[in-house]
Amino acid sequence: MALPYSKRLIELFLSPKNVGEIPDADAKATEGSPACGDMVQLFLKVDPETKRIMDVKFKSYGCASNIATASIVTELAKGKTLEEAKSISWKDAERELGGLPLTKIHCAVLAVDALHTAIENYEHQHGLLKEKTPTTPEIIIQRLKRVIDPRKGVDVVRAKTVKDVVVENGVATITLNLKQDEEFAQHLAQEIEERISPLWDIEKVEVKYS
Ligand code: FES
């Protein structure tokens, strides 16, 4: 059976560019869920003066389309300023690949989201935000909507895995409707910590269980 993939997509799946990790990355982001498998991690190295992306790498646990689109997205981002890289969209990746099956658009969205989140995290961590809005529980809940509960296949807010969110004196306390020894509890805590800790005024993230 012929695969609905372009020649370019198959080439990049077999020999992707920019695969790996940047150990001393200036910012990173994870999109998707490690527990489900559809996940991409992206690492950025940024010139502090020019705000240009000097290096960008990714690790994908997704499918062929995800690997190929992450390869394209990282190639497009390299050498661009953060502002320029913000306008990269999944449509750019799709165009470069010569098309993507409809069922695989989310794979490209995942790769682009990882780039955008890593840029946003960089801005939070390096004082580049245009408006420094103090973090509220609502802001945290918005970020938590990107953390998937692998037991339910939807985000932790929709899955009602999050019981309570409190922000006080730079400490974000997130209480989960989970026992500490339940399956995926530790894994979710780690993902939540990674997702919330880049916020500019959050010094500590505490995940509690009920
Ligand atoms: Fe889910 Fe491609 S990353 S099918």
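Thresholds applied
- Residues numbered from 1 in each chain as written.
- Predicted model: local features only at pLDDT ≥ 70, side-chain atom pairs only at ≥ 80, totals over all residues.
- Heavy atoms only, no water.
- Salt bridge = Lys/Arg side-chain N within 4 Å of Asp/Glu carboxyl O.
- Helix = DSSP H or I, 4+ residues; strand = E, 2+ residues; numbered from the N terminus.
- Buried < 20%, exposed > 50% of the residue type's maximum accessible area, 1.4 Å probe, protein only.

Moving on, we get to the pattern of salt bridges. According to the stated counting rule, one finds 18 salt bridges in the structure shown. A salt bridge links E11 to R8; the shortest N-O distance between them is 3.3 Å. Highlighted residues: E11 and R8, both in helix α1 (residues 7–14), separated by three residues, approximately one helical turn. Residue classification places E11 among the partly exposed positions, given a relative accessible area of 37%. A residue is classified by how much of its surface remains accessible, and R8, at 34% relative accessible area, is partly exposed. Here E120 ties to R143 by a salt bridge, and the two come within 3.0 Å at their closest N and O atoms. Of this pair, E120 sits in helix α5 (residues 105–125) while R143 is found in helix α6 (residues 137–144), placing the two residues 23 residues apart along the sequence. Classification of R143 as buried rests on a relative accessible area of 8%.

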